[in-house]
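Okay, here's what each chain looks like letter by letter:
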Amino acid sequence: MKNTVATLKQQKLDGDKITMLTAYDYSTAKLMDQCGINTILVGDSLGMTMLGYEDTLSVTMEDMIHHTAAVARGAKNALVIGDMPFMSYQTSVYDAVVNAGRLIKEGRCQAVKLEGGAAVCPQIRAITDAQIPVVAHIGLTPQSVNAFGGFKVQGKSEEAAKRILEEAKAVEEAGAIAVVLECVPAKLAALITKSISIPTIGIGAGPDCDGQVLVYQDMLAVFSDFKPKFVKHFADVGTAMREGFQAYIQEVKGGTFPAPEHTFAISDEVISKLY
Ligand code: KIV
């Protein structure tokens, strides 16, 4: 059965942890869906993991729609969330609603995600009023990398922790259906989780959030440019891929691939007529 906003809400009430992974293509989304993942985020992290940019800032609406539509075709049960790229919602409330609408209409996801707290509450409210569920994202918000001066843990001082708690309450008040907490101290994330009624989804935010999200190339050790502290390798698919690619190269060069069982036959009679 398709997971919905109501499913996530119920999971928080039941204490049933929400599982979320990023995906950017049909085949990966289908595998995750078959494993029973609750939600799939088509993150703008695709700028780094799929497109090789050094941050998420260059990702476009067209990139997001293209990948979101592929994931949506592979996800029969998981709730698919499309990420709103940099400058697709910061510019105005109008732009935010138009671009959220494009992700839903063209990307066929069931919710959108955007970064920021109080500053984007008018956008969250307007998108929600347009009947599009919004997931908020606070703490370390990668689209603000230049304002933050790098990718750093957020909310360590009393003032910063208070601000993040207030932002969580503000996005809830604005109508967000869930909030991603990225790179905030575990005890702060636990307090936020208790203080709001919408689910919190943590990434580098400790075990007490209502759910967890990881970038799938990180948790499978496929992405090797850097490894954030909060990432655990659940499988070494990077090594398996390297071994597979090396074996293919060796067999092609050695003439052992393709073997007869990978080859299509034709009768000698037909071939002889071609000479
Ligand atoms: O873009 C992304 O993958 C994200 C997750 C890290 C939450 O925003």
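Everything numeric in this text was worked out from a predicted model, so none of it was measured. The numbers attached to residues start from 1 for each chain and follow its sequence in the written order. Restriction of local features to residues with pLDDT of at least 70 applies here, the model being predicted, together with a cutoff of 80 or more for giving and counting side-chain atom pairs; totals for whole chains, interfaces and linings are based on all residues. The basis for every side-chain value is the complete set of non-hydrogen atoms in the structure, without hydrogens or water.

Engineer: What exactly am I supposed to notice about the nonpolar core here?
Structural biologist: The tendency in soluble globular proteins is for nonpolar side chains to be buried as a group. Counting 55 residues, the largest nonpolar core has I40, I124, I127 and L181 as the members making the most contacts within it. Counting residues per element, this core draws most heavily on helix α8 (residues 158–174), at 6 residues. By the convention used here, residues are in contact when the closest approach between their heavy atoms is within 4.5 Å. If near-sequence neighbours (up to four positions away) are discounted, I124 is found in contact with L114, V134, A136, V171, A174, G175 and A176. Ranked by size, the runner-up nonpolar core spans 14 residues in total, among them L8, A111, V135 and I203. The set of buried Ala, Val, Leu, Ile, Met, Phe, Trp, Tyr and Cys residues whose side-chain atoms join them within 4.5 Å is what this entry labels a nonpolar core. A simple rule labels every residue: compare its accessible area, found with a 1.4 Å probe on the protein chains alone, to the largest value its type can have, and call it buried under 20%, exposed over 50%, or partly exposed in between. For helices the rule is a DSSP run of H or I covering at least 4 residues; for strands it is a run of E covering at least 2, with both sets numbered from the N terminus onward.

Engineer: What exactly am I supposed to notice about the packing of aromatic side chains here?
Structural biologist: Remark: the centre distance and the inter-plane angle together describe each pair of aromatic rings, the angle taken between the planes. Two aromatic rings from Phe, Tyr or Trp, using only the six-membered ring of Trp, form a pair when their centres are within 6.5 Å; if the ring planes differ by under 30 degrees the pair is stacked, by over 60 it is edge-to-face, and anything between is tilted. Counted by the stated rule, this structure contains 3 aromatic pairs. The interplanar angle of 90 degrees and the centroid separation of 5.4 Å between the aromatic rings of F223 and F226 together place this pair among those described as edge-to-face. Take F223: its relative accessible area is 14%, and that puts it in the buried class.

Engineer: Sorry if this is basic, but what is going on with the packing of α8 against helix α9 (residues 186–195) here?
Structural biologist: Simply put, an axis is a line fit to the C-alpha atoms, just over the touching stretch for a helix, and the angle between two N-to-C directions goes from 0 to 180 degrees. Viewed as axis vectors pointing N to C, α8 and α9 meet at an angle of 30 degrees, and their least axial separation amounts to 10 Å. When the axis of α8 is compared with that of α9, the two are roughly parallel. Where α8 crosses over α9, the handedness of that crossing is right-handed. Residues A161, I164, L165, A168 and K169 of α8 form the contact with α9, whose participating residues are L188, L191, I192 and S195. Residues are grouped as follows: Ala, Val, Leu, Ile, Met, Phe, Trp, Tyr, Cys and Pro are nonpolar; Asp, Glu, Lys and Arg are charged; every other residue, Gly included, is polar. Its residues placed into classes, the contact of α8 with α9 shows 7 nonpolar, 1 polar and 1 charged. Any angle from 65 to 115 degrees is called roughly perpendicular, while one under 35 is roughly parallel, one over 145 is roughly antiparallel, and all others are oblique. In this scheme, a crossing is called left-handed if the near helix is turned counterclockwise away from the far one by less than a right angle; it is called right-handed if the turn is clockwise.

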